[in-house]
Amino acid sequence: MARRTKVYEGKAKILYEGPEPGTLVQYFKDDATAFNAEKRDVIDGKGVLNNFLSELFMSGLNGIGVPTHFIRRLNMREQLIRAVDIIPLEVVVRNIAAGSLSKRLGLEEGTPLPRPIIEFYYKDDALGDPLVTEDQILAFNWASHQDLDDMVALAVRVNDFLSGVMLAVGIRLVDFKIEIGRQFDGDMQRLIVADEISPDSCRLWDIKTGTKLDKDVFRRDLGSLTDAYSEVARRLGVMPKSPTPIKPRLMN
Ligand code: TMP
């Protein structure tokens, strides 16, 4: 098989050149990192679960007219996506106080917010992805006024969709992060949801018990991350056949 050209390698995914211009292959690794990669591990099967879950969310969004980079899943770990220029901002939507918002404002985790709150973080590992204001975004030209309007509109629609999907299977969507890219068609550009949507980038709590079913399990050493992600996949009906490699058993 011909060797593929690697375009980019991040902490949890690798991008390869796609089969056609304007496409890429996104490979989901098993690597888990937290606190700007200060904590890291390899979690057997995480990449497979995130590939299937991101497929479910992104194809669902495409289906309701929210544009995403997702074209189709290729195999257990890879999906075909549209190539975009990623805007260097992480867009976080919060429905319930948790994580860095709770810390920064002294809000107890689990406090419902009066309305969804949208925040922007500048994507820069060396700086630890700092929270930035809209004025800073405009002044440094990371995005225009129109881009900001479009990003907020996309984030709100993703929040509505994902909240509903999760609620239907007894899970509260506490918060999530998305990344957005520019897709060019001649002189026209449109913003589309890119990267991934998975339990790596969301906070998901069981509605009845409050059990965490997301990457906080890894960040806070709360148990098995694959068990948590498998539970989300099982409830959503996308449990891949074999998320962890089956070890061959010796026969005698
Ligand atoms: P935070 O409370 O730590 O700011 O996280 C908010 C949301 O963003 C949460 O759902 C986890 C997600 N997130 C990422 O996807 N990547 C990151 O690097 C961080 C810090 C958070």
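Note that this is a predicted model, so its numbers are computed, not measured.

Q: Please provide a residue-by-residue account of the pattern of salt bridges, values included.
A: What the rule picks out here adds up to 25 salt bridges. Across the pair Asp195 and Lys13 runs a salt bridge whose closest N-O atoms are separated by 2.9 Å. With Asp195 in the loop between β12 (188–194) and β13 (202–206) and Lys13 in strand β2 (residues 13–17), the pair connects residues that are 182 residues apart, well separated along the chain. Asp195 gets classed as buried once you look at its relative accessible area, which sits at 14%. As a salt-bridge pair, Glu179 and Lys123 come within 3.0 Å of each other at their nearest N and O atoms. Here Glu179 is found in strand β11 (residues 171–185), whereas its partner Lys123 is found in the loop between β9 (112–122) and β10 (131–132), with 56 residues between them in sequence. Judged by relative accessible area, which is 5%, Glu179 ranks as buried. Three or more residues are tied together by salt bridges with common partners; here these are Arg94, Glu109, Glu119, Asp175, Arg203, Asp216, Arg219 and Arg220.

Q: How would you sum up helix α6 (residues 225–235)? Please name residues and give values.
A: Those residues of α6 that fall on the buried side of the exposure criterion are Leu225, Thr226, Ala228, Tyr229, Ser230, Val232 and Ala233. Buried residues along α6 sit against α1 (46–63), β11, β13 and α5 (216–219). Measuring from the backbone nitrogen of Thr226 back to the side-chain oxygen at the start of α6 gives 3.5 Å, which picks out Ser224 as the cap. Once α6 ends, the next one or two residues include Gly237, with phi positive near 75°.

Q: Describe the packing of α1 against α6, naming the residues involved and giving the relevant values.
A: Contact pair α1 / α6: the axes reach a minimum separation of 10 Å and the direction vectors enclose 25°. When the interaxial angle is binned, α1 and α6 end up roughly parallel. The element α1 and its partner α6 pack so that their crossing is left-handed. Between α1 and α6, the residues in contact are Lys46, Leu49, Asn50 and Leu53 and Leu225, Thr226, Tyr229, Ser230, Val232 and Ala233, respectively. Split into classes, the residues belonging to the contact of α1 with α6 amount to 6 nonpolar, 3 polar and 1 charged.

Q: Account for helix α4 (residues 145–167), naming residues and giving values.
A: Taking 1.5 Å per residue, 23 residues should reach 33 Å; α4 reaches 33 Å between its end C-alpha atoms and fits that length. Among all positions in α4, only Asp147, Leu148, Met151, Leu154, Ala155, Val158, Asn159, Phe161, Leu162 and Met166 are buried.

Q: Mind laying out the sheet that holds strand β7 (residues 78–82), listing which residues take part and the relevant values?
A: Taken in spatial order, the 5 strands of this open sheet run β1-β2-β3-β7-β6, and their pairing is antiparallel. Because the sheet does not close on itself, it has two edges, and the strands there are β1 (6–9) and β6 (70–73). The average undirected angle you get between the axes of adjacent strands in this sheet is 25°. Examined bridge by bridge, β2 and strand β3 (residues 23–28) share 5 bridges and lie antiparallel to one another. What sits directly across from Glu17, in β3, is Leu24. The strands that α1 touches are β3, β6 and β7; relative to β6, the one it contacts most, it runs at about 135°.

Rules used throughout
Along each chain, the written sequence defines residue order, and numbers are assigned to residues from 1. Per-residue local features are limited, in this predicted model, to residues with pLDDT of at least 70; the limit for side-chain atom pairs, both in listing and counting, is 80 or more; totals at the level of whole chains, interfaces and linings are taken over all residues. Where side-chain values are given, they derive from all heavy atoms of the structure, hydrogens and water being excluded. The rule for a salt bridge is simple: a side-chain nitrogen of Lys or Arg has to be within 4 Å of a carboxyl oxygen of Asp or Glu. Helix and strand definitions follow DSSP, with helices as H or I runs of at least four residues and strands as E runs of at least two, each counted in order from the N terminus. Burial classification: accessible surface area is computed with a 1.4 Å probe over protein chains only, and a residue below 20% of its type maximum counts as buried, one above 50% as exposed, and the rest as partly exposed. Between two residues, a contact is recorded if the distance between any of their heavy atoms is within 4.5 Å. Definition of a polar contact: a pair of N or O atoms within 3.5 Å, with one able to donate and the other able to accept a hydrogen when the atoms are protein atoms, and with sequence-neighbouring residues admitted only if both atoms are side-chain atoms. Here an axis means a line fitted to C-alpha atoms, over the contact stretch when the element is a helix, while the angle between two N-to-C directions is reported on a 0 to 180 degree scale. In this scheme, roughly parallel covers angles under 35 degrees and roughly antiparallel covers those over 145, while 65 to 115 is roughly perpendicular and the rest are oblique. Take the far helix as your reference; a near helix turned counterclockwise from it by less than a right angle gives a left-handed crossing, and one turned clockwise gives a right-handed crossing. Only Asp, Glu, Lys and Arg are considered charged in this grouping, and only Ala, Val, Leu, Ile, Met, Phe, Trp, Tyr, Cys and Pro are considered nonpolar; every other residue, Gly among them, is considered polar. To estimate how far a helix should reach, multiply one less than its number of residues by 1.5 Å. Think of it this way: DSSP has to see at least two bridges between two strands before they count as a pair.

Remember that the coordinates give geometry; whether it matters functionally is a separate question.
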